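Single-letter residue listing:
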Amino acid sequence: MTCIIGYKENDAIWLASDGMCTDQENRYRIEENYPKVFEKDNILFGTSGSMRVSQLIQYSLNIPYHDPRLSDMHYLCGPFSQEIMILLGTTKSLEVNDEIAYFNAGILIAYNGELYHMMDDFFVSKSREKYDTVGSGMFIALGSLYTTSNEDIPTETKITKALDAACKFSPSCGGSYHIMMRIMDTTVSYEIPVSIHR
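The structure contained in this document is the topic of the report that follows. Just so you know, these numbers come straight off a predicted model, no measurement behind them.

1. Quick look at the environment of Gln-82
Phase 1 of the analysis: Within the secondary structure, Gln-82 sits in helix α2 (residues 72–90).
Phase 2 of the analysis: For Gln-82, a relative accessible area of 48% translates into the label partly exposed.
Phase 3 of the analysis: On a C-alpha basis, the gap between Gln-82 and Phe-122 in space is 8.7 Å, while along the polypeptide they are 40 residues apart.

Structural data, given as structure tokens:
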């Protein structure tokens, strides 16, 4: 239902998404202009999977204080993840399997100049490459990003080419593109309408 792309280039972090929302069976298109990337308290999020989980994180999550004694990874794996787990638990948005809590989403997080990936069991990892993806179109987008990562073209072009590929070959991706770029404590956000990129 989604393609989320994260890209770290020099001092900038980019998050981008398609705008397609579908039903759970990917048969009915609900909306084609739904932004799945957003900023909250200077943290960029890109969410795939359950749009309810995305809405809860965007509108209801209380971002916890980052104790400076904690590394960024310690903070994200500890207080940050715990706050998301509490929110999703109290709103009955968690599934429990073999006493392990899961949520129906994958999340890319841009925090303090680094790109992180939170999986559905709250495992947090720093992206190994300078790019990462989540969502149904992720593997198509990864292939595109791999082929363009060393090309001398603008980062936005690498991202839009990857979204183009995902929207071409994944039936549940499409709609307008939503792009956010954060550099030097400043975030720029814009949309590329479907009429332009298609």
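2. Looking at the pattern of salt bridges
Phase 1 of the analysis: Tallied over the entire structure, the rule returns 8 salt bridges.
Phase 2 of the analysis: As a salt-bridge pair, Glu-9 and Lys-130 come within 3.6 Å of each other at their nearest N and O atoms. Within this pair, whereas Glu-9 is found in strand β1 (residues 4–9), its partner Lys-130 is found in the loop between β11 (124–126) and β12 (131–134), the two being separated by 121 residues in sequence.
Phase 3 of the analysis: Overall, the relative accessible area of 29% leaves Lys-130 in the partly exposed class.
Phase 4 of the analysis: The residue Lys-36 makes a salt bridge to Asp-18 at a minimum N-O spacing of 3.0 Å. You can see Lys-36 sitting in the loop between β4 (29–31) and β5 (37–40) and its partner Asp-18 sitting in the loop between β2 (12–17) and β3 (21–22), a full 18 residues away along the chain. Across the pair, exposure class does not vary: Lys-36 and Asp-18 are buried alike.
Phase 5 of the analysis: Residues joined in a network through salt bridges with shared partners are Glu-9, Lys-130 and Lys-158.

3. So, the environment of Lys-92
Phase 1 of the analysis: Among the structural elements, Lys-92 can be located in the loop between α2 and β7 (95–97).
Phase 2 of the analysis: For Lys-92, a relative accessible area of 75% puts it in the exposed group.
Phase 3 of the analysis: Once the C-alpha coordinates of Lys-92 and Phe-103 are considered, the two residues, 11 residues apart in sequence, prove to be 9.9 Å apart.

4. Things to note about the sheet that holds β5
Phase 1 of the analysis: The 5 strands lie next to each other as β5-β6-β9-β10-β11, forming an open sheet whose pairing is antiparallel. The open sheet terminates on both sides in strands that have one partner only, identified here as β5 and β11. Strand-to-strand, the axes of this sheet are offset by a mean angle of 25 degrees, without reference to chain direction.
Phase 2 of the analysis: In terms of strand pairing, strand β6 (residues 43–49) meets strand β9 (residues 105–111) through 6 bridges, oriented antiparallel. What sits directly across from Thr-47, in β9, is Ile-107.
Phase 3 of the analysis: The strands that helix α1 (residues 51–59) touches are β5, β6 and β9; relative to β5, the one it contacts most, it runs at about 25 degrees.

5. With respect to the packing of helix α3 (residues 138–148) against helix α4 (residues 155–169)
Phase 1 of the analysis: Orientation of α3 relative to α4, taken along the N-to-C sense of each, is 145 degrees, at an axis distance of 8 Å. α3 and α4 meet at a crossing whose hand is right-handed. Contacts between α3 and α4 pair Ile-140, Ala-141, Ser-144, Leu-145 and Thr-148 from the former with Lys-158, Lys-161, Ala-162, Ala-165, Ala-166 and Phe-169 from the latter.
Phase 2 of the analysis: Per-class residue counts for the contact of α3 with α4 are 7 nonpolar, 2 polar and 2 charged.

Calculation notes
- Residues numbered from 1 in each chain as written.
- Predicted model: local features only at pLDDT ≥ 70, side-chain atom pairs only at ≥ 80, totals over all residues.
- Heavy atoms only, no water.
- Helix = DSSP H or I, 4+ residues; strand = E, 2+ residues; numbered from the N terminus.
- Buried < 20%, exposed > 50% of the residue type's maximum accessible area, 1.4 Å probe, protein only.
- Salt bridge = Lys/Arg side-chain N within 4 Å of Asp/Glu carboxyl O.
- Pairing = 2+ DSSP bridges.
- Axes fitted to C-alpha atoms, helices over the stretch in contact; angles between N-to-C directions.
- Contact = heavy atoms within 4.5 Å.
- Left-handed = near helix turned anticlockwise from the far one by under 90°.
- Nonpolar A, V, L, I, M, F, W, Y, C, P; charged D, E, K, R; others polar.

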